Amino acid sequence: MSNTDKSPLDKAGTTPEKIAILGTGVAAMTSAFYLTDQPDWQEKYDITIYQMGWRAGGKGASGVNSEYGQRIEEHGLHIWFGFYNNAFKTIQGAYNYLDRPEGAALRTWQDAFKPHSYIALEEYIKKDWETWAIDFPTNDLIPGTAEESISLLGFLSSAFSWVKGAIDELEPHLVSSNSEGIKQWLAQRSKEIGKELHSIEHATLHLKTLIDALPKPPSDHDNSALDTIFDLFKKFKELPPLILNPILNEDANIRHLFIVADLGLTIITGMIEDDVFIKGFDVINNYDYREWLIKHGANVKFTANSVAVRGFYDLAFAYEGGDTEKPNIEAGTMLRSFLRISLSYRGAIMWKMQAGMGDTIFAPFYQALMKRGVKFEFFNKVEELIPNGNTISTIKLTKQVNLKKGLKQYDPFVKVQGHCSAQETQPLECWPSKPNYDQLDPAQADLLQKYKVNLESLWSDWATIYRDYSGRPLPEITLEKGVDFDKIIFGISIASLEHLCPKLLEKSEPLRRTAEKVKTVVTQAYQVWNNVTLEGLGWAHYPPTEPGSATVNPVLSGFVEPFDTWASMDQLICREDWPAHHQPQNIAYFCNVMPMASFPPASDYSFPAECAEMAKQNAMTNLTEDIYNLWPEVAKKGEFNWDILVDIHNKEGKARFDSQYWRANIDPSERYVQSVTNSTQYRLATDESGFENLYLTGDWIKTGLNVGCVEAATMAGMQTSRAICGYPEIIYGESDFK
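Being a predicted model, the structure only gives us computed values, none of them experimental.

Peer 1: Tell me about the overall build of the chain, and name the residues and values.
Peer 2: Within the chain, the secondary structure is distributed over 23 helices and 26 strands. By the burial criterion, 58% of the 738 residues in the chain qualify as buried. Relative to all contacts within the chain whose residues are 6 or more apart in sequence, the contacts with residues 24 or more apart total 73%. Carbon and sulfur atoms make up 49% of the accessible area of the chain, which totals about 28900 Å².

Peer 1: Can you lay out unusual backbone geometry for me, pointing to particular residues and giving the numbers?
Peer 2: Residues other than glycine predominantly adopt negative phi, and peptide bonds predominantly adopt the trans conformation. With an omega of 10 degrees, the peptide bond between Glu-561 and Pro-562 qualifies as cis. Relative to the elements of secondary structure, Pro-562 occurs in the loop between strand 19 (555-557) and strand 20 (565-568). Cis geometry marks the peptide bond from Tyr-727 to Pro-728, where omega comes out at 5 degrees. Structurally, Pro-728 can be placed in the segment after helix 23 (710-725). A positive phi angle, close to 60 degrees, is found at Asp-275, a residue other than glycine. Within the secondary structure, Asp-275 sits in the loop between helix 9 (252-273) and helix 10 (276-279).

Peer 1: Would you mind going over the pattern of salt bridges in detail, with residue names and values included?
Peer 2: Enumeration over the complete set of coordinates arrives at 24 salt bridges. Where Asp-40 meets Lys-44, a salt bridge forms, and the shortest distance between an N and an O atom there is 3.7 Å. Classification of Lys-44 as partly exposed rests on a relative accessible area of 41%. Put simply, Glu-429 and Lys-415 hold a salt bridge, and the shortest N to O gap is 3.4 Å. Pair noted here: Glu-429 is in strand 14 (residues 428-430) and Lys-415 is in strand 13 (residues 414-416), with a separation of 14 residues, a long-range link. Taken together, the shared-partner salt bridges in this structure form one network comprising Glu-509, Arg-512, Arg-513 and Glu-516.

Peer 1: For the sheet that holds strand 11 (residues 380-388), give the residues involved together with the corresponding values.
Peer 2: An order of 11-12-15 is seen for the three strands of this open sheet, with the pairing classed as antiparallel. Bordering the open sheet on either side are strand 11 and strand 15 (476-480), each of which pairs with just one other strand. For this sheet the average axis-to-axis angle between neighbouring strands, irrespective of direction, equals 20 degrees. Across five bridges, strand 12 (residues 391-399) lies against strand 15 in antiparallel orientation. From the neighbouring strand, Thr-394 faces strand 15, where its bridge partner is Glu-480.

Peer 1: Hey, could you go over the sheet that holds strand 5 (residues 80-81) for me, with residue numbers and the actual values?
Peer 2: The antiparallel open sheet is built from three strands, whose spatial order is 5-9-6. Sheet topology places strand 5 and strand 6 (113-116) at the edges, where each strand pairs with a single neighbour. Strand direction decides the pairing type here: strand 5 and strand 9 (residues 350-353), joined by two bridges, are antiparallel. Looking at strand 9, one finds that Phe-81 is bridged to Met-350.

Peer 1: Just give me the short version of the environment of Gly-406, but keep the residues and values in it.
Peer 2: You can see Gly-406 is positioned in the loop between strand 12 and strand 13. The exposure class assigned to Gly-406 is exposed, which follows from its relative accessible area of 77%.

Peer 1: Give a description of the state of the cysteines that names residues and reports values.
Peer 2: Under the counting rule described, the total for this entry stands at one disulfide. Between the sulfur of Cys-420 and that of Cys-574 lies a disulfide, 1.9 Å long from S to S. Because the torsion about its S-S bond is 85 degrees, the bridge between Cys-420 and Cys-574 counts as right-handed. On the criterion of sequence distance, the pair formed by Cys-420 in the loop between strand 13 and strand 14 and Cys-574 in the loop between strand 20 and strand 21 (586-593) is long-range, its members being 154 residues apart. On the accessibility criterion, Cys-420 (31% relative accessible area) is partly exposed. The buried category is assigned to Cys-574, whose relative accessible area is 18%.

Peer 1: An account of the environment of Met-350 is needed here, citing residue identities and associated values.
Peer 2: Structurally, the position occupied by Met-350 is in strand 9. When the C-alpha positions of Met-350 and Phe-81 are compared, they lie 4.3 Å apart, and in sequence the two are 269 residues distant. What Met-350 contacts, discounting residues up to four positions off in sequence, is Ile-79, Trp-80, Phe-81, Gly-82, Lys-114, Pro-115, His-116, Ile-119 and Val-555.

Peer 1: Run through the packing of helix 3 (residues 85-98) against helix 15 (residues 357-372), naming residues and quoting values.
Peer 2: Closest axis-to-axis distance for the helix 3/helix 15 pair is 9 Å, and the angle between their directions is 55 degrees. Taken together, the axes of helix 3 and helix 15 lie oblique to each other. Along this stretch, helix 3 crosses helix 15, giving a crossing that reads as left-handed. Between helix 3 and helix 15, the contacting residues are Thr-90, Ile-91, Ala-94, Tyr-95, Tyr-97 and Leu-98 on the first element and Thr-360, Ile-361, Pro-364, Phe-365, Gln-367, Ala-368, Lys-371 and Arg-372 on the second. Tallied by class, the residues present in the contact of helix 3 with helix 15 amount to nine nonpolar, three polar and two charged.

Peer 1: With reference to specific residues and values, describe the side chain of Asn-622.
Peer 2: Topologically, Asn-622 is positioned in helix 22 (residues 607-625). For Asn-622, the side chain forms a polar contact with the side chain of Tyr-526, separated by 2.7 Å. Those residues in contact with Asn-622, other than ones at most four positions away along the chain, are Tyr-526, Phe-559, Val-560, Phe-563, Phe-590 and Ile-627.

Peer 1: Any details on the nonpolar core? Residues and values, ideally.
Peer 2: In this structure, Trp-80, Tyr-289, Leu-385 and Phe-490 are the most contacted members of the largest nonpolar core, which totals 185 residues. For this core, the element with the highest residue contribution is helix 9, accounting for 12 residues. What Tyr-289 contacts, discounting residues up to four positions off in sequence, is Leu-263, Ile-267, Val-309, Tyr-313, Ile-329, Glu-330, Ala-331, Met-334, Leu-335 and Phe-338. With 41 residues, the next largest nonpolar core counts Val-528, Phe-559, Ala-588 and Cys-611 among its residues.

Peer 1: Describe in detail the layout of surface pockets, supporting the description with residues and values.
Peer 2: Rolled over the atoms, a probe as big as a water molecule pinpoints where empty space is left. Its volume calculated, the second largest pocket comes out at about 1400 Å³. Lys-434, Lys-452, Asn-454, Ala-612 and Tyr-661 are, among the 41 residues lining the second largest pocket, the residues nearest its centre. Elements supplying a minimum of two residues to the lining of the second largest pocket: strand 3 (62-65), strand 4 (71-74), helix 16 (442-450), helix 22 and strand 24 (661-665). At five residues, helix 22 tops the list of elements feeding residues into the lining of the second largest pocket. When the residues that make up the lining of the second largest pocket are grouped by side-chain class, the tally is 17 nonpolar, 10 polar and 14 charged.

Peer 1: Give me the lowdown on the packing of aromatic side chains, citing residues and values where you can.
Peer 2: Two numbers describe a pair of aromatic rings. These are the distance of the centres and the angle of the planes. For the structure shown, the criterion picks out 42 aromatic pairs. Seen from their ring centres, Phe-413 and Trp-431 are 4.7 Å apart, and the 65 degrees between their planes marks the pair as edge-to-face. Taken together, the positions of Phe-413 in the loop between strand 12 and strand 13 and Trp-431 in the loop between strand 14 and helix 16 put the pair 18 residues apart, joining distant regions of the chain. Judged by its relative accessible area of 9%, Phe-413 is buried. Linked through ring pairs, Tyr-526, Trp-539, Phe-563, Trp-566, Phe-590, Trp-631, Phe-640, Trp-642, Phe-657 and Trp-662 together constitute an aromatic cluster. Lying over the aromatic face of Tyr-97, Arg-372 brings its terminal NZ or CZ to 4.4 Å of the ring centre.

Peer 1: Go over the packing of helix 1 (residues 26-35) against helix 3, please, and point to the residues and values.
Peer 2: Where helix 1 contacts helix 3, the axes come no closer than 11 Å and their chain directions differ by 60 degrees. On the basis of the axis angle, helix 1 is oblique to helix 3. Relative to helix 3, helix 1 is oriented so that their crossing is left-handed. In this structure, helix 1 uses Thr-30, Phe-33 and Tyr-34 to contact helix 3, whose residues at the interface are Lys-89, Thr-90, Gly-93 and Ala-94. A class-by-class count of the residues in the contact of helix 1 with helix 3 yields three nonpolar, three polar and one charged.

What counts and what doesn't
Residues numbered from 1 in each chain as written. Predicted model: local features only at pLDDT ≥ 70, side-chain atom pairs only at ≥ 80, totals over all residues. Heavy atoms only, no water. Helix = DSSP H or I, 4+ residues; strand = E, 2+ residues; numbered from the N terminus. Buried < 20%, exposed > 50% of the residue type's maximum accessible area, 1.4 Å probe, protein only. Contact = heavy atoms within 4.5 Å. Areas by Shrake-Rupley, 256 points an atom, 1.4 Å probe, with all protein chains shown as cover. Salt bridge = Lys/Arg side-chain N within 4 Å of Asp/Glu carboxyl O. Pairing = 2+ DSSP bridges. Axes fitted to C-alpha atoms, helices over the stretch in contact; angles between N-to-C directions. Disulfide = S-S within 2.5 Å. Parallel < 35°, antiparallel > 145°, perpendicular 65-115°, else oblique. Left-handed = near helix turned anticlockwise from the far one by under 90°. Nonpolar A, V, L, I, M, F, W, Y, C, P; charged D, E, K, R; others polar. Polar contact = N/O pair within 3.5 Å; in protein donor to acceptor, adjacent residues only side chain to side chain. Core = buried A, V, L, I, M, F, W, Y, C linked by side-chain atoms within 4.5 Å. 1 Å grid on protein atoms, 1.4 Å probe; cavity = no way out; pocket = protein on both sides within 12 Å on 5 of 7 lines; lining within 4 Å. Points joined across faces, edges and corners; volume = space filled by probe spheres on them. Phe/Tyr/Trp six-rings, centres within 6.5 Å; stacked < 30°, edge-to-face > 60°. Lys NZ or Arg CZ within 6 Å of the ring centre and 35° of its normal.

The structure is reproduced here in structure tokens:
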């Protein structure tokens with residue numbers, strides 16, 4: 001019997017437990033997916049999901065804009081890493097459950113994701129930007145299909161191979177630049193370790209033998225082998241600096257090898273010295289990552305401040321208050337993520353979605369959950385959770401909009417045909433960038449469009465507009481415990497706690513500390529659609545094996561502020577539906593943090609427009625003042641060729657930018673969750689809110705990864721489901737490598 005065939009009563013005639021899920025981000029949807037992933041789930045639970053506005057996805061939501069060729073508009077750049085084992089397993093489950101028919105767009109998860117291995121880092125050397133192009137090797141592994149396959153000591157061995165490769169490549173340069181110094185180094189090390197070392201290769205092989213002989217896992221009582229390895233690694237750290245600093249400035253290849261070797265050796269020796277192999281990564285979370293590297297001897301100029309380090313700060317938006325002069329991320333949390341990203345990926349280091357995140361991820365989630373019998377209530381804005389003792393007794397909501405008369409269920413999608421494959425004969429169901437007004441109460445729909453109301457904003461003036469028009473407030477909805485819900489899954493991001501849960505924060509000290517200590521940051525993003533190809537922009541940095549290939553469109557980090565990250569997203573062109581005479585040849589995404597010290601009250605309705613204008617001006621400055629470093633064919637210092645921007649309104653000059661897309665992610669549910677120094681200890685597990693019927697979920701709870709990303713959000717949702725129903729039993733990566 002299928003899930004949808006189940007009776008709302010179990011065999012004993014008891015009423016299923018009612019679960020209210022607030023929000024539709026990755027964690028919330030994941031929790032619902034696993035709660036309903038058992039054949040008898042409807043005998044146990046009655047699940048309703050409440051969502052403000054018209055679409056699912058939280059800060060991963062996207063929309064297609066019908067005014068501009070059904071183009072995809074995102075909160076920022078979303079790309080999955082190959083180590084996202086839980087996230088891939090979950091979305092594969094959704095696609096498999098839907099079993100889309102032949103001819104369907106994005107029929108399988110393999111259609112929805114394609115591997116990506118090409119990453120570019122921007123180095124600022126001698127007052128100029130240089131590109132460090134890296135084509136990561138691929139493997140035959142499939143993400144989401146295996147258990148944890150490597151131990152912490154396994155990472156030590158892998159990291160050693162990584163360092164050894166760099167030293168092997170450096171050796172000819174080392175010998176040619178200082179052969180006598182190398183001989184002296186080998187002779188001295190031979191005396192210290194009591195073993196004759198004939199060459200650098202011989203020395204590294206000896207080190208590998210010691211690593212292979214380590215007990216697995218090591219313990220506090222048996223770490224003498226680690227001490228020996230630590231001593232020898234410390235000796236190896238003396239080797240690369242034999243190259244003079246001027247050579248590092250002049251020769252990019254040597255500089256990159258030096259950074260890789262020095263970074264790897266610093267990480268390994270630091271982990272051994274600080275007992276990370278024994279006590280886990282969190283033991284060093286009292287240090288900022290860069291601070292920790294310097295503490296353990298990383299070259300300050302070329303390693304600690306290199307783009308190889310800075311790029312990870314950019315990736316994690318790890319800047320206090322959005323100030324790029326204040327980098328801050330826990331050393332252990334960053335190191336755990338760094339090792340997973342670089343050493344445990346499956347298939348490829350990255351996987352690019354082949355449509356908007358909303359349509360690749362949240363549409364399948366929504367469709368699978370609807371098919372299983374989960375109820376969705378769109379246009380329901382959560383206002384406050386009210387406690388009674390140690391339980392939540394009331395949820396207050398505002399009904400933002402009524403559906404038109406006679407319509408019982410809101411259909412959130414629009415259909416976009418696209419032109420990706422002749423085999424795709426059916427259009428893709430996509431979330432629109434605005435509500436489907438034709439399904440709403442006509443009078444309210446007219447007002448929403450007339451005043452360009454944003455139903456997803458904390459600073460929305462919709463309640464005032466509606467009251468002025470109708471003479472009455474928007475209707476309030478009160479959900480009561482025991483009537484409308486028994487349990488609550490709070491799937492709204494942490495920055496919303498102060499707005500939605502003030503009484504909870506007064507009663508629960510752990511929840512209050514979490515809200516104070518786990519920080520968030522505003523991000524900004526813009527997208528441009530170009531009528532010239534990537535090559536036409538002047539980008540010329542490709543892996544030598546595949547010049548110009550669509551598979552190597554760059555994902556770039558470490559660039560100039562205020563937009564340090566850029567990705568060419570040409571794979572999305574065929575998903576959009578532009579007029580033939582306005583067909584883009586390239587799509588570029590940019591994103592970064594946005595400085596924001598404080599936020600005005602919700603009554604300051606002008607605040608979103610002011611922030612959006614700041615993001616727009618930052619984007620235009622980026623194009624006129626900085627992009628020439630990456631796109632030399634269409635820009636030079638102080639100038640940008642605005643004619644390359646696709647504009648269906650055919651404006652001239654800078655005005656063509658008005659037809660592009662930009663945003664400031666200022667809303668509490670949109671802000672990126674950070675991992676500032678000493679904050680992980682204040683994260684709570686899903687059932688540690690202090691209220692017996694309230695479950696927390698999101699990438700801000702304690703997951704074992706503890707950093708803002710899709711994988712952490714997925715792990716949180718799985719943890720929430722497990723706390724309620726015991727399933728899934730295994731969540732990969734929630735404990736440190738053993």
